[in-house]
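Coordinate analysis (summary)
Next come the chains, spelled out residue by residue.
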Amino acid sequence: MATPQAEPQFKPNVTVACVVQAEGRFLLVDEIINDRLTLNQPAGHLEANETLVAAVRRELFEETGIHAAPQAFIGLHQWQAPDNTAFLRFSFVIDLHEIVPTHPQDSDISGCRWLSADEIFRSSHLRSPLVAESIRLYQQNLRYPLSLLGNFNLPS
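Residues numbered from 1 in each chain as written. Predicted model: local features only at pLDDT ≥ 70, side-chain atom pairs only at ≥ 80, totals over all residues. Heavy atoms only, no water.

An unreviewed UniProt entry lists the chain under the name Phosphatase NudJ, with Rouxiella chamberiensis as the source organism. Its UniProt record gives the chain a comment under Sequence similarities (unreviewed entry), which states: "Belongs to the Nudix hydrolase family. NudJ subfamily." Taken from UniProt, the Cofactor (unreviewed entry) comment for the chain reads in full: "Mg(2+)". (UniProt positions renumbered as here; feature names shortened; annotations may be inferred.)

Shown next, in the form of structure tokens:
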């Protein structure tokens, strides 16, 4: 009698993203994905031994050149991309007092742009539906304290 094979462990990609707002506009980055221009919030993968807040600060700097800390957490989304890649995306809010210049450090980012919510909602170039959904959550004024996201045995 054959022993049943154990299913491989499910390991979704863990990502962070930040809704950066200033003067009623939102900061998006230009990325080329599969030879196509896409728009995304500053976002990326959580690295080993990194807190979620540290990851969002790092990704913001790498993709925009901006040093800022998130003020609040707005949501967690589970998403399956069209290629069946699974993601858990933690989204944060960064409200800036004014629109600031950007200087992407990451060669995968071809530029940054400040757009209105309507421009984002009308775009056919969003990297995922989570880009617009994060703006909707921001507009609903959903905010959760960063203390909601505990971390244990990680460097500060």
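Some points on the UniProt feature "domain: Nudix hydrolase" (unreviewed entry) in the chain
Residues given the UniProt feature "domain: Nudix hydrolase" (unreviewed entry) here are residues 11-143. From the first C-alpha to the last, residues 11-143 spans 27 Å; its make-up is 23% helix and 40% strand. (Helix = DSSP H or I, 4+ residues; strand = E, 2+ residues; numbered from the N terminus.)

Let's talk about the environment of V93
Among the secondary structure elements, V93 is positioned in strand β6 (residues 86-95). For the pair V93 and S134, spaced 41 residues apart in sequence, the C-alpha separation works out to 9.3 Å. In contact with V93, other than residues within four places in its own chain, are V19, P70, Q71, A72, I74, Y138 and R143. (Contact = heavy atoms within 4.5 Å.)

Some details on the nonpolar core
Core analysis: the biggest nonpolar cluster contains 18 residues, and V16, V20, L60, F90, F92, I94 and L96 have the highest contact counts within it. Taken together, the elements giving at least two residues each to this core come down to β1 (13-22), α1 (52-64) and β6. Counting residues in hydrophobic clusters, the runner-up holds 16 residues, among them A72, L126, A132 and Y138. (Core = buried A, V, L, I, M, F, W, Y, C linked by side-chain atoms within 4.5 Å. Buried < 20%, exposed > 50% of the residue type's maximum accessible area, 1.4 Å probe, protein only.)

Some words on the pairing of strand β2 (residues 25-33)
Here is the key point about a regular strand: its side chains alternate between the two faces of the sheet. Taken together, the two bridges between β1 and β2 define a ladder with antiparallel strand orientation. Residue pairing across strands places Q21 opposite F26, the latter belonging to β2. Note: β2 against strand β3 (residues 36-40), five bridges, orientation antiparallel. Across the sheet, the residue bridging to E31 is T38, located in β3. (Pairing = 2+ DSSP bridges.)

Description of α1
Taking 1.5 Å as the rise per residue, α1 with 13 residues should run 18 Å; its terminal C-alpha atoms sit 18 Å apart, in good agreement. The complete set of buried residues in α1 reads L52, A55, V56, R58, E59, L60, E63 and T64. Those residues of α1 hidden inside the fold are in contact with β1, β2, β4 (43-45), β6 and β7 (109-115). Phi turns positive one or two residues past the end of α1, at G65, with a value near 80°. (Expected span 1.5 Å × (residues − 1).)

Brief notes about the pattern of salt bridges
Applying the stated rule across the entire model yields eight salt bridges. For the salt bridge of E31 with R127, the shortest nitrogen-to-oxygen distance reads 3.1 Å. Placement of the pair is E31 in strand β2 and R127 in the loop between α2 (117-122) and α3 (129-139), with a sequence separation of 96 residues. Under the relative-accessibility criterion, R127 is labelled partly exposed at 38%. Each of E47, E50, R58, E59 and E62 takes part in one network of salt bridges that share partners. (Salt bridge = Lys/Arg side-chain N within 4 Å of Asp/Glu carboxyl O.)

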